[in-house]
Structure formats: structure tokens, C-alpha cells
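# Breakdown of the fold
Here is how the chains run, residue by residue.
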There are 2 protein chains.
Amino acid sequence: MDKTVYFDNAATTFPKPDCVYNFMDEFYRNYGVNAGRSGYKLSKKASEMIVDTRMEIADLVGISDPSKVIFTASATIAINQILRGLDWNIIKNVYISPFEHNAIARTLHYLKSKYDFNIHILDFNPDTFEVDTKKLAPKLAYNKPDLVCLSHVSNVTGYVLPIEQLLEMVTVSNPILVLDCAQSLGLIDINLSKLNIDFVVFAGHKTLYGPFGIAGIINNSKKTKLSEFIVGGTGSDSTNLSMPKETPLMYEAGSYNIQAIAGLNAAVKWIKNTKMNALYRKEKELADYLVTKLDNIDEVEMYLPKDRGRHIGIVSFNINGFSSGEVADILDEEFNISVRAGHHCAPYVGEFLKSDNGFIRVSLSYFNCKEDIDLLVDSLNDILWR
Amino acid sequence: MDKTVYFDNAATTFPKPDCVYNFMDEFYRNYGVNAGRSGYKLSKKASEMIVDTRMEIADLVGISDPSKVIFTASATIAINQILRGLDWNIIKNVYISPFEHNAIARTLHYLKSKYDFNIHILDFNPDTFEVDTKKLAPKLAYNKPDLVCLSHVSNVTGYVLPIEQLLEMVTVSNPILVLDCAQSLGLIDINLSKLNIDFVVFAGHKTLYGPFGIAGIINNSKKTKLSEFIVGGTGSDSTNLSMPKETPLMYEAGSYNIQAIAGLNAAVKWIKNTKMNALYRKEKELADYLVTKLDNIDEVEMYLPKDRGRHIGIVSFNINGFSSGEVADILDEEFNISVRAGHHCAPYVGEFLKSDNGFIRVSLSYFNCKEDIDLLVDSLNDILWR
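Reading the values: the criteria
Residues numbered from 1 in each chain as written. Chains lettered and ligands numbered in written order. Predicted model: local features only at pLDDT ≥ 70, side-chain atom pairs only at ≥ 80, totals over all residues. Heavy atoms only, no water. Core = buried A, V, L, I, M, F, W, Y, C linked by side-chain atoms within 4.5 Å. Buried < 20%, exposed > 50% of the residue type's maximum accessible area, 1.4 Å probe, protein only. Contact = heavy atoms within 4.5 Å. Axes fitted to C-alpha atoms, helices over the stretch in contact; angles between N-to-C directions. Helix = DSSP H or I, 4+ residues; strand = E, 2+ residues; numbered from the N terminus. Left-handed = near helix turned anticlockwise from the far one by under 90°. Polar contact = N/O pair within 3.5 Å; in protein donor to acceptor, adjacent residues only side chain to side chain. Least-squares fit on C-alpha atoms with pLDDT ≥ 70 in both. Pairing = 2+ DSSP bridges. 1 Å grid on protein atoms, 1.4 Å probe; cavity = no way out; pocket = protein on both sides within 12 Å on 5 of 7 lines; lining within 4 Å. Points joined across faces, edges and corners; volume = space filled by probe spheres on them. Nonpolar A, V, L, I, M, F, W, Y, C, P; charged D, E, K, R; others polar. Phe/Tyr/Trp six-rings, centres within 6.5 Å; stacked < 30°, edge-to-face > 60°. Lys NZ or Arg CZ within 6 Å of the ring centre and 35° of its normal. Parallel < 35°, antiparallel > 145°, perpendicular 65-115°, else oblique. Buried area = accessible area lost by both parts, 1.4 Å probe. Salt bridge = Lys/Arg side-chain N within 4 Å of Asp/Glu carboxyl O. Right-handed = clockwise from strand over helix to strand, strands pointing away. Arc of directions from axis to C-beta. Disulfide = S-S within 2.5 Å.

### Focus on the nonpolar core
One broad trend across soluble globular proteins is that nonpolar side chains are buried collectively. Counting 76 residues, the largest nonpolar core has A:Leu86, A:Trp88, A:Leu108, A:Leu147, B:Leu86, B:Trp88 and B:Leu147 as its most contacted members. When sequence neighbours within four positions are dropped, the list of residues in contact with B:Trp88 reads B:Leu83, B:Val94, B:Leu108, B:Leu111, B:Tyr115, B:Phe117 and B:Leu147.

### A short note on the packing of helix α1 (residues 18-31) of chain B against helix α7 (residues 258-274) of chain B
All names here are of chain B. Contact pair α1 / α7: the axes reach a minimum separation of 8 Å and the direction vectors enclose 145°. Considering only the axes of α1 and α7, their crossing is right-handed. Touching Cys-19, Val-20, Phe-23, Met-24, Phe-27, Tyr-28 and Tyr-31 of α1 are Ile-258, Gln-259, Ala-260, Ala-262, Gly-263, Asn-265, Ala-266, Ala-267 and Trp-270, all from α7.

### A short note on the side chain of A:Arg361
All names here are of chain A. Examined against the element boundaries, Arg-361 turns out to sit in strand β13 (residues 359-363). A distance of 2.8 Å separates a polar side-chain atom of Arg-361 from the backbone oxygen of Asn-155. With sequence-adjacent residues up to four places away left out, Arg-361 is seen in contact with Phe-7, Asp-8, Ala-10, Ala-11, Asn-155, Val-156, Ile-314, Val-315, Ser-316, Val-339, Arg-340 and His-344.

### A look at the relation of the copies chain A and chain B
Its rotation angle being 180°, the transformation that places chain A on chain B also includes 0.0 Å of axial translation and leaves an RMSD of 0.0 Å. Interpreted geometrically, this transformation is the action of a two-fold axis.

### Some thoughts on the sheet that holds strand β12 (residues 340-342) of chain B
Residues and elements named next belong to chain B. What the four strands build is an open sheet, ordered β9-β10-β13-β12; its pairing is antiparallel. Edge positions in the sheet fall to β9 (300-302) and β12, since each of these pairs with one other strand and no more. Neighbour-to-neighbour, the strand axes of the sheet open up by a mean angle of 35°, direction not taken into account. Sheet analysis places β9 next to strand β10 (residues 314-319), joined by three bridges and oriented antiparallel. What sits directly across from Met-302, in β10, is Phe-317.

### With respect to the sheet that holds strand β2 (residues 69-72) of chain B
The strands that make up a sheet pair up through hydrogen bonds in the backbone, lying either parallel or antiparallel. Residue and element names in this part refer to chain B. Reading across the sheet, the seven strands line up as β2-β8-β7-β6-β5-β3-β4 and stay open at both edges, with mixed pairing between neighbours. Edge positions in the sheet fall to β2 and β4 (118-121), since each has one partner strand and no second. Within the sheet, the average angular offset between the axes of one strand and its neighbour, ignoring direction, is 20°. Sheet topology note: the strand β7 (residues 199-203)/strand β8 (residues 215-219) ladder contains five bridges and is antiparallel. Counterpart to Val-200 in the pairing with β8 is Ile-218. Across the face of the sheet, helix α2 (residues 41-60) comes into contact with β2, β7 and β8 while running at roughly 115° to β2. Running over the sheet, helix α3 (residues 75-84) touches β2, β5 (147-151), β6 (176-180), β7 and β8 and is turned about 160° from β7.

### Some words on the layout of surface pockets
Empty space within the largest pocket amounts to approximately 720 Å³. Together, 31 residues line the largest pocket, and A:Tyr115, B:Arg84, B:Tyr110, B:Lys114 and B:Tyr115 are the ones closest to its centre. Taken together, the elements giving at least two residues each to the lining of the largest pocket come down to α4 (102-112) of chain A together with α4 (102-112) of chain B. A total of four residues in the lining of the largest pocket trace back to one element, the largest contributor, which is α4(B). Grouping the constituent residues of the lining of the largest pocket by class yields 15 nonpolar, seven polar and nine charged.

### Section: the packing of aromatic side chains
This structure, assessed with the given rule, holds 43 aromatic pairs over all chains. A ring pair is formed by A:Trp88 and A:Phe117, whose centres lie 4.4 Å apart and whose planes are at 35°; its orientation type is tilted. Linking A:Trp88 in the loop between α3 (75-84) and β3 (93-96) with A:Phe117 in the loop between α4 and β4 (118-121), this pair joins segments that are 29 residues apart in sequence. For the residue pair A:Trp88 and A:Phe117, the accessibility class agrees, reading buried in each case. Plain terms: the ring middles of A:Phe229 and B:Phe229 are 4.9 Å apart, the flat faces sit at 25° to each other, and that makes the pair stacked. Of this pair, A:Phe229 sits in the loop between β8 (215-219) and α7 (258-274) while B:Phe229 sits in the loop between β8 and α7, on two different chains. In this structure A:Phe229 comes out as buried when scored by relative accessible area, which is 2%. The structure contains a cluster of three or more aromatic residues connected by ring pairs, namely A:Phe99, A:Phe124, A:Phe129, A:Tyr159 and A:Phe352. Above the plane of the ring of A:Phe117 lies A:Lys112, whose end atom (NZ or CZ) is 5.9 Å from the centre. A cation sits over an aromatic face here: A:Lys282 above A:Tyr366, 4.7 Å from the ring centre.

### Structural notes on unusual backbone geometry
Residue and element names in this part refer to chain B. Going from Phe-14 to Pro-15, the amide bond is cis rather than trans, its omega being -5°. Along the chain, Pro-15 falls in the loop between β1 (5-6) and α1. Looking along the chain, the bond that leaves Thr-247 and enters Pro-248 is cis, with omega of 10°. Of note in the backbone geometry, Asn-336 takes a positive phi value of approximately 55° without being a glycine. Asn-336 gets classed as buried once you look at its relative accessible area, which sits at 13%.

### Looking at the packing of α2(B) against α7(B)
Residues and elements named next belong to chain B. Between α2 and α7, whose axes approach to 9 Å, the crossing angle comes to 40°. Viewed along their axes, α2 and α7 adopt a mutual orientation that is oblique. Two packed elements cross with a definite hand, and for α2 against α7 that hand is left-handed. For the pair formed by α2 and α7, the contact residues are Ala-46, Met-49, Ile-50, Asp-52, Thr-53, Glu-56, Ile-57, Asp-59 and Leu-60 on the first element and Ile-258, Ile-261, Ala-262, Leu-264, Asn-265, Val-268, Lys-269 and Lys-272 on the second.

### Observations regarding the interface of chain A and chain B
Taken residue by residue, the interface counts 81 residues in chain A and 81 residues in chain B. Here chain A meets chain B over a buried area of about 6500 Å², counting both sides, of which 58% is carbon and sulfur. When residues of chain A are sorted by the area they lose upon contact with chain B, A:Arg106, A:Phe212 and A:Leu241 head the list and together hold 13% of the total. Across the contact surface, chain A and chain B share four salt bridges.

### Observations concerning the pairing of β6(B)
Here is the key point about a regular strand: its side chains alternate between the two faces of the sheet. All names here are of chain B. Judged by how many residues are buried, β6 sits mostly within the fold: five of five residues are covered. Here β6 shows no split at all, with Ile-176, Val-178 and Asp-180 on one side and Leu-177 and Leu-179 on the other all buried. Relative to β6, β5 runs parallel, the two sharing five bridges. Bridge pairing in β6 places Cys-149 opposite Val-178. For the crossover from β5 across helix α6 (residues 163-170) to β6, the handedness is right-handed. By the bridge criterion, three bridges tie β6 to β7 in an arrangement that is parallel.

### A short note on the pattern of salt bridges
Residues and elements named next belong to chain B. One pass over the full model with this rule turns up 34 salt bridges over all chains. In this structure, the salt-bridge partner of Glu-228 is Lys-245, at a minimum N-O distance of 3.9 Å. Of this pair, Glu-228 sits in the loop between β8 and α7 while Lys-245 sits in the loop between β8 and α7; the two residues are 17 residues apart in sequence, bridging distant segments of the chain.

### Topic: α6(B)
Residues lying three or four places apart along an α-helix face the same way, a consequence of the helix completing one turn every 3.6 residues. Residue and element names in this part refer to chain B. Within α6 the residues assigned to the buried category are Ile-163, Leu-166, Leu-167, Met-169 and Val-170. When α6 is viewed along its axis, its buried side chains cluster within an angular range of 165° and face the same direction. Away from its buried face by more than 90 degrees, α6 exposes Glu-164 and Glu-168. Against the buried residues of α6 lie α5 (133-142), β5 and β6.

### Topic: the state of the cysteines
The term disulfide refers to a covalent linkage connecting the sulfur atoms of a pair of cysteines. Residue and element names in this part refer to chain B. For the structure on display, the rule yields zero disulfides over all chains. Sulfur of Cys-19: no disulfide; nearest cysteine sulfur belongs to Cys-369 and is 20 Å away. With a relative accessible area of 30%, Cys-19 lands in the partly exposed category.

Set out below in C-alpha cells:
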């Protein structure tokens, strides 16, 4: 296959740093046993690596207790674990942003078929992406939030949500706060010692540059204890038919995915060595370069926040006269450029930004370069001028 | 670390065939994108590999429809998906064997706190492991089974359950049948075109010689449709807040774990090339060799079925005067031999076999050899004679 320019990093970052592939492969060949189940040396070595990875993740969000890091096989499972582990008898008003992913939107929709609560969409101005405080404030006062779920970074628009501002507005009633950092952890600073957030969700294979198969929850909640979701063997207290009550074990039934955790371990260390600032700067520089270039094409309509300081790495746009899928197909077939078209598992953004057509999404990583963007822009011009 | 003799293959087979490590690494480096979400070439290539793996798994159990193969991140999740996807309003009597793993036992226990049903343990003779038909037949006639969950191979004793005999006994009331093949698929023939089983569970990382992070369900049920369990993005129909209704998609929310599926793909092909019979013969030969050797040590008490034709690959035993954990620790520390002690996530076997102490478990794979067993037996004698 010819060389591909890959712009689908919001789906999964690709490629990974070499150290991720290498450590994953090496660790699995040498220590690929079932950790936490047995006391022998190989298993202990694997368990130590798991604890080390928990500590790396905890450190990334400014906390020191590794037992607050719960591993799951995907961010989707992490979100199911959180939302379905809550006590729905005391939740009446749920607020979400219009930028939420189906991991949150569909899970809430599923829960709504079983419990009696309301889902409110937080008000944002579709032209500027700013919080519409005028609309939102009375809504919050009238229907006090019990649970608020927010994407940190929109997987469609690259918009960095104003978390501090929103937290300040919603915390009047001290709701449970869930922050979906699938598109931000490792790229944007999150400090849980300063932010009053209960549950942070992360995906190993996105901005953390780790592999598929490992994700999780940082459980920083003092106000609620999640009940178990996936139940089964934990390698401990085997004759007890109940799940263990200690965290993180009660949320981690089944075997640990050692090679994926090893990959994540290498990835977080790579992020720290490269410096998060450098990753952010590079992606920001590329995003700005892309925006400037696309801005020169009359037929292109981009969906960007007014405050470009709140924008990172993902640019969605449409081209007059073309469907998003059509453009993505031509870019792939004729130019070997991988972008994604459609609604990107974000059910509300299309309506919010008034685009039935979905979006052509270009999502960047540290491993893209300006030449990639030049090639994309040249290809789009080619499509327009034929 | 010195060379270890690894006897914890029932926890996870280790090592894997080289082709599994190699293909997993190679495929992930070259095609590590988000499959099924986008239409570009890399993603299509990844999707094709997923379909190919479904076909390999389907073929292994004698069916031809790859859409019946549902991928999950672990066998634990697969079992949660099945049991929690059933309609519990119509299930009153559940039968399980005393050999079940906590993936099944704890999930049923969890469901019992929410729904009204009875859990019956199928009657087996603890001396011979044979079905106690005399006890069981009237029980089945009185409390007709609505759901039957069976391990194909016990993860503690290596006992191959007499599935045909049990199916014949329980099918009077046409119950839903779940067969947990975590310890058997790839090692022992299962033909779904001949057996009336609704759901087969498999674990990629055990007898299939694949990696952690991939497992699943073979959904062969004509009598029941599982409701969704984990909900979230599916890369399709994004503006629809409900999960898609088609199988396997409705059960596969979240990103596919491409490297794990690639590893499983290579593993199943390796099994077919090596021939399942050869794998079985080797493991059976090693198990017989181990049993014969252990039989010569007076202090050893093994837990074996009377019909040795129904025994494969896993030997549990105890040594008079020692706890199982004590022996496992000495074997590890002094002799670099990895075995597992305790109850092995099987909550009923200890009681069934009257061992409060748990068991020292030696579990074999194709990659063990007679010299490994000689070393174990010499070490046990050393421990006894000191």
C-alpha cells in the first residue's frame, strides 16, 4: 500500500511512538502472564508494571493515590461503569454539553428507559461556541443539576470546553461531575487537586498515544461510591460470590490486559519525556496552519470556536456542493489521505452546528507535519477545480 | 530473571506461538487504526481482518455465519453480556455445574439481588466427577430448567464435562444453554451444528493461544435475542441515540482492539496449521505423564475424574501437611516454577471436593515438556524430604 497521510487521530492516534510498540511487544513476550492472580515472580513483575502505570496516570492529573485509577478495556466501558454505577434514585436532572459522544449520550438514553430523570443540553452559542450564560443560568436555577457530563475536548470540533466556567455555574447544587478526557488527557493539563471533578474518563489509544484495549476512570469522588458494573473473577477471595468492596478491584473483574497496559505505560512516559507542552504546541501549530490554509478556500466552511485559544488538533469543515462522505472518499481513493466523514459518534453536534451533512474531520497528532497539510489543501483545491 | 517453568496456562497460555506476537506487532504498526468507523483504505484493511477473524472463530465451531461471532474485551464481559442480556422475567430456574468460574457464579449472584430466580447446582459425584443422574433427574423434573450454564472444561480440575449427557438431561424444558469454553475452545472439538447450545463463550488468551483483550460470544440462539449491555458509539448511525439493532454491532460498542484481534487471528490460524488433534494429544500426553509421576508421591492427593478420557491439561492436588499457598511459594522462590494456589476463581469446587485449603494447580500448554514436569516432581520431592 502507498504511503498514507493519516488524519483520523481523534479516532485513534496513529502511528504510536516507537517505544509504545516496542515495550508492548517486549513486555508481552517476557511477562505476558495473568497479573494479580498468582504470587510467582512473573506475575509479580506484571503486577508491578500495572501499579506503575496507575501511578503514571494519577501523576498526570495531579493526584498521588494510584488506587483511584480504575482500568477498563475502553473509554466506552469506563463511561458505562460510571453512569450505570450511580444511584439513579436520587438523580433527577442531568446536564450534558452538545459536544458529547455517544458513549455518554447513548448510555444516558439507555438509562432513561429504566429511570425517571431529565436530560438537559447545556446552552452554547453555535456561532462562538461560548457558554450562553443568559439562557443557561435560569435553567440551572430551576432544574438544579444532580449530574453533569462534559467532554473536555469535542471530538468533532477540537473545542476545548471552558470547564472552569461551567463548573462554577453548575456547582451551586454540588452535582456529580464526569469529565470525558478521551480527547484531552496527555495533551491538555487537568489538575484534580484544583478541579472539583468526581470522575475523569481516559482512553489509552487517543491523546495518550497508547494502544487499544486500555482505558479507565480516575475516581476522585468523595460524594458517591459507584456500584459494581461488570462482575466476575478478581483473583481474590474466590469463594465469596460478591465482588470485593475495595477500589479499584471491585471495578476490574477479569484478566488484566498486560500488553495494552505496558503500551500505555510506555506512552505516558513518552509524553512526560517529550513534555506535554511540546505535544500541545506542535498540535496547536499544525491546527493553526491548517485553519489558515483552509480559510483561503472560499468553498470551505469550518466549524471553529471564536476564541482560538480554546481550539486544538481537530478541524471539521464542509465544502459547498459536496457531501462530507464524497470528499472523504475522493481524498482516500485518489490522494491516499485518510480523513473521516459523518457525525463522528456525536449525536448533537450536527444539529447544534446546523449541518445535516455531517462533517469532514481532519484530526491531527504530534506525528503529522505541515507537508501533510499542504498535500491535503492541494488535494482539496484539485477536487474543487476539476 | 532466571528461566521459569510456567505452569499457569489455565490463567493464560504463556508463551504464545511466535506468529501471534509477530502478527500482532506487525499489524498494529501498519494498520493500527479505528476499524469500522471510516471508509479509508487502512480502516478497510483493519475491518477485513476483523471479519476474517470472525470467520476463523465461526469455522472452529462448525458454523458459517461470521455475524454470529460477537467480540468482547474479555470472557468475563462476554458472560456479563449474555446473562445480563437475558429476559429475567421469564427465568425461574437456573442450573449451573459445581465447576463454574466466578464470571458466571458472581454474575448470577449479582442478578439474584435484582430478580427472583433459583440457582441449582447440578449433581455430580465428587469421587468420580460423574453426573449423579439419580439425584439430578428428579430435581430437573420438579424445577424445570430455564437457563443452564456449563463450563466445558473445569479451570480447576481439567475435567471435560459430559456436555452431551447433560444436554440430553436438561433439554426436556428447552432451556437457554450457555457453554463457557474459556478452557476448551481451540483444544477440544465443539460443533454447534450438532449441539443445541445458544451461547458459547470464548477467551482469546487461554486455550486459543491469542492475547489478552479479545474474547467473545458465539451467538447461536434461535430462542432468545440478547438485549444490549455495554452501550456507546458504534461508528454508525451516530445521530440515533439507540444502539443499532443488528448483530454483532449492537453488542460491540467502542473501538475494536485491532492488535488483540490480529493476535487472535494468527493464533487460530496457528491452531489450524498445527492441528487441534496434535495440540490435544500433546497436552493429554503431558497431563498423563504428570498424573503418573504425582501418583508415585504418597503425600500427594490429586482431584481427578475417574474417567481419565474426560481429563485434560490441568491437574490440581494438595500435599499432606502443607497449604497450597506454601507449596506454590516454595516452588516459585526456590525452583522458579510458576504454579497457582488457592480457589482459582471457582467458588464451588473447594466445597464440592472438600478442600478448604484450595488447590495447587498445575496447568499445561503445548509449550510445556516432560522435562518441565520432571523438574516439578523433583522439586516436590525435595520439599517433602527436607
